[in-house]
Amino acid sequence: MRKRQIVKNVYWMGAVDWDRRLFDSLIPLPDGTTYNAYLIQGSEKTVLIDAVEPELVEMLMAQLDETSRVDYVISQHAEQDHSGSIPRVLARYPEAKVVTSAKAKSMLIDLLHIAEDKFITVVDGESLSLGDKTLKFIFTPWVHWPETMVTYLEEDRILFSCDFFGAHIASSDLFVTDKGRVYEAAKRYFAEIMMPFRNVIQKNIEKLAPYNIDMIAPSHGQIYNKSAWIIDAYQDWAIGSPRNVVTFPFVSMHGSTRKMVDYLTASLTERQVRVELFNLPVTDIGKLAMSLVDAGTIVIGTPTVLTGPHPMAAYCAFLANALRPKARYLSIVGSYGWGGKVVETLAGMIPNLKVEVLDPILSKGVPSRNEFDALDRLADTIAAKHKESNFKV
Ligand code: FEO
């Protein structure tokens, strides 16, 4: 992809990674991704905002062929998918300085061994004049690292947001054209890396409120030339009320747990509670994470393996604990052959979840009428709790 003009003297650069299917060796990327850098040519100074994943640096270097001078490289985030190519940019433009926060400077020195004299540090709210264009740096910590900041181009009212509002979608579109598709990808992205920082995200959104933002240019995905909807979506995901949804990840070995899962799903459905089921051995973890963004209740279904939960259920509990969703209730259902400590083990794995634990239901082998009746009671409880809490549909 060649460099592309966004507005006069402001360009998209970077790499479209159509092939990538896994991020951080963890997160499925069904639609690939992009690593966006941005070139701004002021009347006096030229700036590159962020860089690209080092594996794709040649794309960026080719786009920079027509650029004879870069005065500043703005590093908004020290994670290497944006910063890892900065040393190559500095090698081509030895006059360039890296403009970043003091915290990010220290991280970039540690992570990339950039020489200390290459940096200019800025403080929150500081401005940098490029002549006829002005950049303002706004610190937005924990979206999703401690040093993250965004950059506001005052004259063109563009917010360069790095990971904040990002979406993993490879596309030849410069701007968002398919809002539904981008909404889903941005929600997946939020679920996987932003959700643990929900409260700080809300504060960062409030901090952006005074700025008149025409466009948001993230470092993954396409540019939002209508930005209000993605800010509203982030607010909903971060602090909106949970929904009348049960996220129900499960795994079954001999079918007993599956019978309980199916029964509880039917009971909840009869009580107008929406259920999102995830059979863990074949689940896209990103879809599960997206469901956790909205869920009022999480129920984990697991058989007993060697006295504890099935390892896939344990992985799911570990993931939910790390993502810190806003669910208010949690329960466990499952089966065992001769004994075990499934409930104690799983309960000990979720200290970060601020949930009320509803009575777990375990069946010795194939569930019988007693367990089915208990599942009906659990469905009654969940439906009543969701109603009391006014969870939205
Ligand atoms: Fe896209 Fe946190 O890096």
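This one's a predicted model, so the numbers in the text were calculated from it and none came from an experiment. What you see as residue numbers is a count from 1 along each chain, following the sequence as written. The predicted nature of this model means local features are confined to residues of pLDDT at least 70 and side-chain atom pairs, given and counted, to a pLDDT of 80 or more, with totals for whole chains, interfaces and linings taken over all residues. Hydrogens and waters are ignored; side-chain quantities use all the structure's heavy atoms.

1. So, the sheet that holds strand 10 (residues 127-129)
Then, in step 1: Note: two strands are recorded as paired if DSSP finds a minimum of 2 bridges between them. Helical segments are the DSSP runs of H or I of at least four residues, strand segments are the runs of E of at least two, and each set is numbered from the N terminus. With respect to topology, five strands assemble into an open sheet ordered 10-11-12-13-14, the strand pairing being mixed. Of all strands in the sheet, those with a lone pairing partner are strand 10 and strand 14 (215-218), marking the two edges. Adjacent strand axes in the sheet meet at a mean angle of 25 degrees, parallel and antiparallel pairs treated alike.
Then, in step 2: Direction of pairing for strand 11 (residues 134-139) relative to strand 12 (residues 149-153): antiparallel, over a ladder of five bridges. Residue pairing for strand 12: F137 is matched across the bridge by T151.
Then, in step 3: It only takes one pair of heavy atoms within 4.5 Å for two residues to be counted as in contact. Comment: axis = line fitted to C-alpha atoms, over the contacting stretch for helices; angle = value between 0 and 180 degrees taken between N-to-C directions. Contacting strand 11, strand 12 and strand 13 (158-162), helix 6 (residues 198-208) crosses the sheet at an angle of about 150 degrees to strand 11.

2. Quick look at the domain arrangement of the protein chain
Then, in step 1: Domain annotation for the protein chain reports domain 1 (4-239) and domain 2 (245-388).
Then, in step 2: Here the buried area means the combined drop in accessible surface, using a 1.4 Å probe, for two parts upon being joined, counting both sides. Around 1,300 Å² of area is buried between domain 1 and domain 2 when both sides are counted, 60% of it from carbon and sulfur atoms.
Then, in step 3: Broken down residue by residue, the surface that domain 1 buries against domain 2 is led by K187, R188 and M195, which jointly contribute 36%.
Then, in step 4: Counted as salt bridges are all cases of a side-chain nitrogen of Lys or Arg within 4 Å of a carboxyl oxygen of Asp or Glu. At the boundary of domain 1 with domain 2, the tally comes to three salt bridges.
Then, in step 5: Across the pair K187 and D294 runs a salt bridge, and its minimum N-O distance is 2.5 Å.
Then, in step 6: Polar contact criterion, stated in full: a pair of N or O atoms within 3.5 Å, where within protein one must be able to donate a hydrogen and the other to accept it, and residues adjacent in sequence count only if both atoms are side-chain atoms. At the boundary of domain 1 with domain 2, the tally comes to six residue pairs in polar contact (both at pLDDT 80 or more).
Then, in step 7: Going through the elements one at a time, helix 5 (179-194) and helix 7 (228-239) are the ones with two or more residues in the side of domain 1 that touches domain 2.
Then, in step 8: Each residue is assigned to one class: nonpolar for Ala, Val, Leu, Ile, Met, Phe, Trp, Tyr, Cys and Pro, charged for Asp, Glu, Lys and Arg, and polar for all the others, Gly among them. Classifying every residue of the side of domain 1 that touches domain 2 gives nine nonpolar, no polar and six charged. Domain borders in the structure are assigned automatically or taken from a domain database.

3. Some words on the packing of aromatic side chains
Then, in step 1: Pairs were defined over the aromatic rings of Phe, Tyr and Trp, the Trp ring being its six-membered one, requiring ring centres within 6.5 Å. Orientation was assigned from the angle between planes: stacked under 30 degrees, edge-to-face over 60, tilted for the rest. The full count for this structure, using the stated rule, is 14 aromatic pairs.
Then, in step 2: Considering the side-chain rings of Y38 and F160, the 5.0 Å spacing of their centres and the 55 degrees angle between planes classify their relative orientation as tilted. Taken together, the positions of Y38 in strand 5 (residues 33-41) and F160 in strand 13 put the pair 122 residues apart, joining distant regions of the chain.
Then, in step 3: For F160, a relative accessible area of 0% translates into the label buried.
Then, in step 4: One aromatic cluster is present, built from ring pairs that chain together F164, F165, Y183, F190, Y224, W229, Y234 and W237.
Then, in step 5: Whether a charge sits over a ring comes down to the Lys NZ or Arg CZ being within 6 Å of the ring centre and within 35 degrees of the ring normal. In this structure, K3 packs its charged tip against the face of Y11, placed 4.4 Å from the ring centre. For the exposure calls, accessible area comes from a 1.4 Å probe over protein chains only, and a residue counts as buried if that area is under 20% of its type's maximum, exposed if over 50%, partly exposed in between.

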